[in-house]
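# Observations on the model geometry
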Amino acid sequence: MPGNKLFENWIVRFRSSRLFNRILSGAELSGLMLDESSRKFFYPESMEIVNKTVFAVAKVGEDEEALFIACGGENRKHVMGHFSGLEYRENGIIIKMCELSEENAFSLQKYLIHTRPSILPIDGVTVGVGDRLGIATQGHIRSFANRNAIPVFAQQSVRELMFTNRSFSRVMSDVIWAVFRSGYKMLWGADGDHLKDENWMKKAIEAGFRMITADVSDFIRDEYYLKSDSSILSEYDTLDNRYRKDIEGIFLNREFFLGEGASGHEKINKINFDRIQLARCALIYGKAVEKAILMYRRVIDMAGGNDINFELSVDEVSIPTTVYDHIFISELLDINGVRLFSMAPRFSGSFQKGIDYEGKLAEFERDLRIQNSIAVDRGYKISIHSGSDKFKIFPIIGKVCGGRFHLKTSGTSWLESLRVLAKEEPLFFRKLYRVSFDRFEFAKKYYHVKADKGNAPHPDSLRDDELERLLNNSVTRQILHITYGEILKNDGLKEEFFSLMRKHRELYWEYLEKHIGSHLDALGVG
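Quick caveat, the model's predicted, so the values are computed rather than measured.

This part takes up the side chain of threonine 483. Here threonine 483 is to be found in the loop between helix H18 (474–482) and helix H19 (484–488). Judged by its relative accessible area of 0%, threonine 483 is buried. A distance of 2.7 Å separates a polar side-chain atom of threonine 483 from the backbone oxygen of isoleucine 479. Among all residues touching threonine 483, those that are not within four sequence positions of it are Ser436, Arg439, Phe440 and Ala443.

Per the stated rule, a full pass over the model turns up two cavities of 30 Å³ or more. Roughly 50 Å³ of internal volume is contained in the largest cavity. Forming the boundary of the largest cavity are Phe163, Ala443, Tyr446, Ile482, Thr483, Gly485 and Glu486. The residue inventory of the lining of the largest cavity, partitioned by class, reads four nonpolar, two polar and one charged. Empty space within the second largest cavity amounts to approximately 40 Å³. Together, Asp131, Gly134, Thr137, Phe153, Ala154, Gln155, Gln156, Arg166, Val171, Asp174 and Val175 line the second largest cavity. The element that contributes the greatest number of residues to the lining of the second largest cavity is strand E7 (residues 150–157), accounting for four residues. Taken together, the residues of the lining of the second largest cavity break down into four nonpolar, four polar and three charged.

This paragraph deals with the sheet that holds strand E4 (residues 86–90). Taken in spatial order, the five strands of this open sheet run E1-E2-E3-E5-E4, and their pairing is antiparallel. Both outer strands of the open sheet, strand E1 (48–50) and E4, are each paired with one neighbouring strand and no more. Put simply, the sheet's adjacent strands are angled 25° from each other on average, direction ignored. Of the strand pairs in this sheet, strand E2 (residues 53–61) and strand E3 (residues 64–72) are connected by seven bridges, and their pairing is antiparallel.

Below, the discussion takes up the nonpolar core. Membership of the largest hydrophobic core comes to 112 residues, with the highest contact counts inside it found for Phe251, Phe273, Phe328 and Ile397. Broken down by element, the residue count for this core peaks at 16 residues, all from helix H12 (residues 275–303). Not counting residues within four places of it along the chain, the set of residues in contact with phenylalanine 328 comprises Tyr243, Ile247, Phe251, Phe273, Leu278, Cys281, Ala282, Tyr285, Gly286 and Val289. With 41 residues, the next largest nonpolar core counts Leu133, Tyr433, Tyr508 and Tyr511 among its residues.

Residue placement: phenylalanine 497 occurs in helix H20 (residues 491–503). For the pair phenylalanine 497 and phenylalanine 428, spaced 69 residues apart in sequence, the C-alpha to C-alpha distance is 8.3 Å. Those residues in contact with phenylalanine 497 that lie beyond four places of it in its chain are Leu133, Trp414, Ser417, Leu418, Leu421, Phe428, Leu432 and Leu488.

Overall, the coordinates contain 45 salt bridges when judged by the stated rule. As a salt-bridge pair, glutamate 65 and arginine 181 come within 2.8 Å of each other at their nearest N and O atoms. Highlighted residues: glutamate 65 in strand E3 and arginine 181 in helix H8 (residues 168–182), separated in sequence by 116 residues. Grouping residues by exposure puts glutamate 65 and arginine 181 together as buried. Three or more residues joined by partner-sharing salt bridges are found here, namely Asp191, Asp193, Glu311 and Lys408.

Another point: unusual backbone geometry. In this structure, asparagine 51 takes a positive phi of about 50° despite not being glycine. You can see asparagine 51 is positioned in the loop between E1 and E2. A relative accessible area of 61% means that asparagine 51 is categorised as exposed.

Turning next to the packing of aromatic side chains. Counted by the stated rule, this structure contains 39 aromatic pairs. Between tryptophan 10 and phenylalanine 42, the aromatic rings sit 5.7 Å apart at their centres with planes inclined by 85°, giving edge-to-face as the arrangement. Residue tryptophan 10 is found in helix H1 (residues 4–14), and its partner phenylalanine 42 is found in the loop between helix H3 (36–39) and E1; the two are separated by 32 residues along the sequence. For the pair shown, tryptophan 10 and phenylalanine 42 are each scored as buried. Judged by centre distance (5.4 Å) and plane angle (80°), the ring pair of phenylalanine 14 and phenylalanine 42 falls under edge-to-face. You can see phenylalanine 14 sitting in helix H1 and its partner phenylalanine 42 sitting in the loop between H3 and E1, a full 28 residues away along the chain. Here phenylalanine 42 falls in the buried class, since its relative accessible area comes to 0%. Here a set of aromatic residues connected by ring pairs shows up, and it is made of Phe163, Trp414, Phe442, Tyr446, Tyr447, Tyr484, Phe497 and Phe498.

With five of five residues buried, strand E12 (residues 309–313) is to be regarded as a mostly interior element. Burial along E12 is two-sided: Asn309, Glu311 and Ser313 and Phe310 and Leu312, pointing in opposite directions, are all buried. When strand E9 (residues 211–215) meets E12, the two strands line up parallel, connected through five bridges. When the sheet's bridge partners are listed, threonine 213 is paired in E12 with glutamate 311. The parallel pair E12 and strand E13 (residues 342–344) is bridged by helix H13 (residues 323–335), and the resulting crossover is right-handed.

Contact pair helix H17 (residues 426–443) / H18: the axes reach a minimum separation of 8 Å and the direction vectors enclose 85°. With respect to each other, H17 and H18 are oriented roughly perpendicular. Two secondary-structure elements touch here, H17 through Phe429, Tyr433, Ser436, Phe437, Phe440 and Ala443 and H18 through Thr476, Gln478, Ile479, Leu480 and Ile482. The residue inventory of the contact of H17 with H18, partitioned by class, reads eight nonpolar, three polar and no charged.

Thresholds applied
- Residues numbered from 1 in each chain as written.
- Predicted model: local features only at pLDDT ≥ 70, side-chain atom pairs only at ≥ 80, totals over all residues.
- Heavy atoms only, no water.
- Helix = DSSP H or I, 4+ residues; strand = E, 2+ residues; numbered from the N terminus.
- Buried < 20%, exposed > 50% of the residue type's maximum accessible area, 1.4 Å probe, protein only.
- Polar contact = N/O pair within 3.5 Å; in protein donor to acceptor, adjacent residues only side chain to side chain.
- Contact = heavy atoms within 4.5 Å.
- 1 Å grid on protein atoms, 1.4 Å probe; cavity = no way out; pocket = protein on both sides within 12 Å on 5 of 7 lines; lining within 4 Å.
- Points joined across faces, edges and corners; volume = space filled by probe spheres on them.
- Nonpolar A, V, L, I, M, F, W, Y, C, P; charged D, E, K, R; others polar.
- Pairing = 2+ DSSP bridges.
- Axes fitted to C-alpha atoms, helices over the stretch in contact; angles between N-to-C directions.
- Core = buried A, V, L, I, M, F, W, Y, C linked by side-chain atoms within 4.5 Å.
- Salt bridge = Lys/Arg side-chain N within 4 Å of Asp/Glu carboxyl O.
- Phe/Tyr/Trp six-rings, centres within 6.5 Å; stacked < 30°, edge-to-face > 60°.
- Right-handed = clockwise from strand over helix to strand, strands pointing away.
- Parallel < 35°, antiparallel > 145°, perpendicular 65-115°, else oblique.

Geometric values such as these leave the question of function open.
This is how it looks when you write it as structure tokens:
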């Protein structure tokens, strides 16, 4: 927060502007435009006038910003009471300078609708661009300018929160300030990503998140995937008799439609379950479906009647989601009143962090076509996770899914911040790479990556002009990608990191605009 002296100095300078005098005169503000003398005090895109109250982000000092509020008359007590900050009074007008805090961000949402996340439409393209640092959203906003896609700016998992020492409310407030600063007026979303328990769902909803991604991977029994038919039937017969009778009544002796799109590269677009297929689905996914139903009901209760986008994630496992699996899960969710926004199946091939897709493209396209067709036929959209940098399959996703899919990215925005530092601050970047190199084996406990540190160059073996190449190498990208928590838990490195990123933030936003934009281009999102 700007100190009293800095605030007083800013007011002294601001008094010379035409805007200051216009505010004090009580002149009509609805058509207010910033002249050149005023623009040096504010981000002009941020300025909003609501009921004769002016809101804007003020440029208070070098790397210092504040929420500027000015109002008079009957609005004074009502508006100003919602914000904490320092006041200046003259001629019945109150000017308040407020910290860009969580508390003030949530107060701002009461007055400015565009700073609130929206419910996302099932039709259309939605893309998550998680910001682990709280400084990337401005670049993400630029990426989506004039694009036919809705961004999910606030997207974080519990793992990311723990590794960055942030909270859902902090993630939301950082996005609110970026949206406000830029004057972004289009729809945007907020996703509590890969949540596994009620406590974290509650925290996300209390922070205003309108999308919840339920991760039930802990309840998926993938060890049954390769068991023999006889073993499957033997295990299945140990399940509760009533449960078996219920699902057999639902799935046996019945055809299930896979949707119109499934016949594109298939000879049939309907399936029938036999007892072995049903038994295998029940053993692998039965408990996961029960957990998903419970999570959905709790989310609806917590939301208190407000709409929620509910995504189910079954992708964090080692086995692909078959057609039978998808139908089994979807049918039981529907019967139990679960209304999906999207579902993330486990596709064929390898979706590793920070690098391109690995696998047979024709097989992925066939898999996606069927999974997407089932989703469309059943009223939700397909979701592709670990979508950062999967350029080989982006054109396939765009072609097969058309204008209806959800894609999640996150770590790639972190890597672009490192690219900035490698170019502009090579000495500091070398420190970061050394930490990543040394702590990689520990970080691998939390992420599935194939990178072998033995194939990565040692931090002391590189010249400064070679460091940026590490961001183009699949091995070192993964090393740098998954060790962000190891870097950011070092208070000294963290402080210097954010100081340097503030210095180079415009370049960072340029990099993000180009990089996320390249994702959207490859997806065919114009």
